[in-house]
Amino acid sequence: MRDFLDLGALPRAEVLELLALARRLQERPEPAALAGRILGLLFFNPSLRTLASMQAAMARLGGQSFVITPGSGSWQLETRAGAVMAGAAAEHIREAIPVLESYCDALGVRAFAEGRDLAADLAERGFTAIADLCHKPLINLESAMNHPCQALADWKTIDELGVPRQAKFVLAWVNHPRALPLAVPAAALTMAAQRGMQVVVLRPPGFAMPAPLLQRAGALAAAAGGSVTETDDRAAALAGAQVLYAKEWGSTAHYGDAEADTRLRAALGDWMVRDSCFATTAPDCRLLHCLPVRRNVAVADEVLDGPRSAVRQEAANRLYAQMAVLHRLLATR
Ligand code: CP
């Protein structure tokens, strides 16, 4: 494994090896495994978990890290090819990425979707422009359509919860004041399909998963003995669910149109996870959410503070999942 960009692109056996390594490093720490190694972290967008857990993971393995947040303590970076740089950005990624990679052994980058053109975001044009400039091991810390570090931690969490491989996994749309990117739902969909689960995407009309994401997940699920379906029928979707993965995302029918998205979601306030959502699920159904979560908009206090919530365990697993990724990328180099 040279880079860590897309969990779904890895053979299932390699994902299982990463999960085993994550468990091993959790149980038997290796505090000098990455001594002398440096990880660069470039965050174009805000973070709590990814930023803190990547730095902690590197430190726990004996390495070090530095963080660059363009426009906040370092130069604002231009990403567009051929841009006339007469605006706020003082430096182009064509210089910045080679400079940063010259200071470190691996680079992690967070660059969200632009949220204007669905085809461009599905093609990962923004992240690819950065990846093409990087010749060191590269880690995707959330791109337009992917969040593989989150997905690996989610898989580890589901294993720890004792959820059977072919259990019903419901990826449920929940409300938010504004459109959010598709990266986490796409990564969760891919992960659950790759794990071999019976995946149901539950979302209101106007929020359908883009067809290429569903098709890819369907192929991964079929190869692993699972399935992928999509519905707006909440009762049917939730019946028998063993994992309820709540996530907010923007309207795909009105992608890039904030006003139309706002009009659509205005009537969807009841798409929030409450205790009543678990009336017909499996008795031990658990709630996952990548965080951050808007309490009493996306998920009610009663669920987040109750025994079904596994969101803190899920966030804690970010550390071990990323330790495994860093160990695999850097320990043998
Ligand atoms: N889940 C997640 O990636 O959290 P942050 O955005 O806080 O990093």
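Our subject is the structure listed above.
Residues numbered from 1 in each chain as written. Predicted model: local features only at pLDDT ≥ 70, side-chain atom pairs only at ≥ 80, totals over all residues. Heavy atoms only, no water.

Undergrad: Can you tell me about the site of the ligand, naming the residues and giving the values?
TA: As a matter of local geometry, the ligand sits amid Ser47, Leu48, Arg49, Thr50, Arg110, His147, Gln150, Cys290, Leu291 and Arg318. Residue Ser47 places a side-chain N or O atom 2.6 Å away from an oxygen atom belonging to the ligand. In this structure, Thr50 approaches the ligand through a side-chain N or O atom, which is 2.6 Å from an oxygen atom. (Near = heavy atom within 4 Å. Polar contact = N/O pair within 3.5 Å; in protein donor to acceptor, adjacent residues only side chain to side chain.)

Undergrad: Can you explain the environment of Pro137? Please cite residues and give values.
TA: With respect to the helices and strands, the residue Pro137 is situated in the loop between α5 (125–131) and β6 (138–140). Of the residues examined, Pro137 reaches a relative accessible area of 5% and is grouped as buried. As a C-alpha pair, Pro137 and Val201 span 64 residues in sequence and 33 Å in three-dimensional space. (Helix = DSSP H or I, 4+ residues; strand = E, 2+ residues; numbered from the N terminus. Buried < 20%, exposed > 50% of the residue type's maximum accessible area, 1.4 Å probe, protein only.)

Undergrad: Would you mind going over the side chain of Asn175 in detail, with residue names and values included?
TA: Mapped onto the secondary structure, Asn175 falls in the loop between β7 (168–173) and α7 (183–195). Polar side-chain contacts of Asn175 include one of 3.1 Å to the backbone oxygen of Arg265. Each residue touching Asn175, except ones within four places of it in the same chain, is listed here: Glu248, Arg265, Leu268, Gly269, Trp271, Val297 and Ala298. (Contact = heavy atoms within 4.5 Å.)

Undergrad: Any chance you could break down the pattern of salt bridges for me, citing the residues and the numbers?
TA: A complete count under the given rule lists 15 salt bridges for this structure. Between Glu17 and Arg328 there is a salt bridge, with its nearest N and O atoms 3.7 Å apart. In this pair, Glu17 is assigned in helix α1 (residues 12–27) and Arg328 in helix α12 (residues 311–330), connecting sequence segments 311 residues apart. Overall, Arg328 belongs to the partly exposed group, its relative accessible area being 25%. Three or more residues are tied together by salt bridges with common partners; here these are Arg295, Asp301 and Asp305. (Salt bridge = Lys/Arg side-chain N within 4 Å of Asp/Glu carboxyl O.)

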